[in-house]
Amino acid sequence: MAEDDDSSQEKTEEATPRRLEKAREEGQTARSRELATMAVLMAGAAGLLIFGSSLGASLEAIMRSSFELDRMAAFDTNQMGLLLGAAAGEAAWALAPILVLLLIAAIAGPIGVGGLLFSGKAVAPKLSRMDPIKGLKRMFSVRSLIELIKSIAKVALVMLIALLILDVRTEDLLALADEPAVPAMEHVVWTVAWSFFFMSCAMIAIAAIDVPFQIYDHHKKLRMTKQEVKDEFKDTEGKPEVKGRIRQLQREMAQRRMMQDVPTADVVITNPEHYAVALKYDQKAMAAPVVVAKGADQVAFKIMEIAREHKVDVLRTPPLTRAVYHNTEIGGEIPHGLYVAIAQVLAYLYQLRRYRKGQGERPGMPNFPIPSDLRRDG
């Protein structure tokens, strides 16, 4: 029995959409630091390759202006400040494109997995984070071991690529001593840029491994037990008995509203033992007669009772009543195929009311035409 209880508490179920949404609201989403690092490094390398020549030219201009000083400027402290400001401005202008690329990468990298997320709960202070026992558990957990192995592998891979680059570029780096200053500076910038780019490429392999792992680890943390899934379903959908009671109350409210509309009807057609349908037609406001109420059995008898109390004509038309009942909804218009039959009902009522006022002969009940596709035999 104990084994059953333990197995029932295992988190074997995938997280529900509500659990995922709640975790996101709390700031819990898959993130890959390696992807963010790769994005920043690749952006920096791309910036050096794209803007390296202009950066080298700016450095040359800064050094030239810094060393080409006249004698008066060297002894004027105000001039030294102005020269320093000009050099700083030149350097900032030269570095601006690279810094913009780095800024974009620093924003895009973290949201590459998990998307953009703002959550105050993620930065809210929690006493559980200050628990030393939990801290030790985190330090010696499987996740920490994985992070350690990943860091060692990352350092080893980058170091290996750096050694390979140094081996390939050794002759170029030694040849810089024999080059003039300006070509040497450009050569250094390009060498550093390409070396940095190839070293950054090592992060692609690391990120390619880390991103799927972080997504898997995130979903694994959010897994639920079967009991949690059941409890969440009850919270979101409601208990069956509560839902049944709500539906019952909704039906009762709808029935009360329907009964309130019966006195406004022009006629109630019935199959006396089973169905009753209350119809209303306003030639100025309606395109066709509308069903204001309908019901079967006890509801039908209640509709007929209210209709008689408010002197609404009740006509016994079994085939037509069944056709209207089964092919309409409350508040909806009658089907096009029943227009002629309902028109005959209204015409019959008009003649019947004239007869009651002594203005004509008693009309006979017409044979209402019902299309075969709308007919519902009793």
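Residues numbered from 1 in each chain as written. Predicted model: local features only at pLDDT ≥ 70, side-chain atom pairs only at ≥ 80, totals over all residues. Heavy atoms only, no water.

(A) Helix α3 (residues 33-67), seen in detail. Taking 1.5 Å of rise per residue, 35 residues should cover 51 Å, yet α3 covers just 43 Å from first to last C-alpha, more than 12% shy of that figure. A bend of about 70° at F51 is the largest found in α3. (Helix = DSSP H or I, 4+ residues; strand = E, 2+ residues; numbered from the N terminus. Expected span 1.5 Å × (residues − 1). Bend = angle between axes of the 7 residues up to and from the residue.)

(B) Region of the structure containing the sheet that holds strand β3 (residues 290-296). The strand order across the open sheet built from 4 strands is β3-β2-β1-β4, with neighbouring strands paired in mixed fashion. Each having just a single partner strand, β3 and β4 (313-316) make up the two edges of the open sheet. Between one strand and the next, the sheet's axes are offset by a mean angle of 20°, whatever the strand orientation. With 6 bridges joining them, strand β2 (residues 275-280) and β3 adopt antiparallel strand pairing. Among the inter-strand pairings, V277 is bridged to a residue of β3, identified as K294. Running over the sheet, helix α12 (residues 318-327) touches β1 (267-271), β2, β3 and β4 and is turned about 75° from β2. Strand contacts of helix α13 (residues 339-356): β1, β2 and β4, with the helix running at about 120° to β4, the strand carrying the most contacts. (Pairing = 2+ DSSP bridges. Axes fitted to C-alpha atoms, helices over the stretch in contact; angles between N-to-C directions. Contact = heavy atoms within 4.5 Å.)

(C) View of the UniProt feature "transmembrane region" (unreviewed entry) in the protein chain. UniProt's entry tags residues 35-59, 102-124, 145-168 and 188-213 with the feature "transmembrane region" (unreviewed entry), counted in the numbering of this structure. As annotated, residues 35-59 comprises 100% helix and 0% strand, and the C-alpha atoms at either end are separated by 32 Å. Span residues 188-213 is 100% helix and 0% strand, its end C-alpha atoms 38 Å apart. (UniProt positions renumbered as here; feature names shortened; annotations may be inferred.)

(D) Looking closely at unusual backbone geometry. The backbone phi angle of D297 is positive, close to 55°, even though this residue is not glycine. Mapped onto the secondary structure, D297 falls in the loop between β3 and α11 (298-309).

(E) Broad picture of the packing of aromatic side chains. Taken as a whole and judged by the stated rule, the model has 4 aromatic pairs. Seen from their ring centres, F197 and F198 are 5.7 Å apart, and the 65° between their planes marks the pair as edge-to-face. On the accessibility criterion, F197 (22% relative accessible area) is partly exposed. Under the relative-accessibility criterion, F198 is labelled partly exposed at 40%. In textbook terms, an aromatic cluster arises when at least three aromatic residues are bridged by ring pairs, as seen for W194, F197 and F198. Between the NZ or CZ atom of K294 and the centre of the ring of Y325, over which it lies, the distance is 4.8 Å. (Phe/Tyr/Trp six-rings, centres within 6.5 Å; stacked < 30°, edge-to-face > 60°. Buried < 20%, exposed > 50% of the residue type's maximum accessible area, 1.4 Å probe, protein only. Lys NZ or Arg CZ within 6 Å of the ring centre and 35° of its normal.)

(F) Local environment of the side chain of T328. Position of T328 relative to the elements: it lies in the loop between α12 and α13. When its relative accessible area of 5% is taken as the criterion, T328 is described as buried. Within the structure, T328 has its side chain in polar contact with the backbone oxygen of V324 (distance 2.5 Å). Sequence-distant contacts of T328, that is, excluding residues within four places in its chain, are made with V291, K294, E333, I334 and P335. (Polar contact = N/O pair within 3.5 Å; in protein donor to acceptor, adjacent residues only side chain to side chain.)

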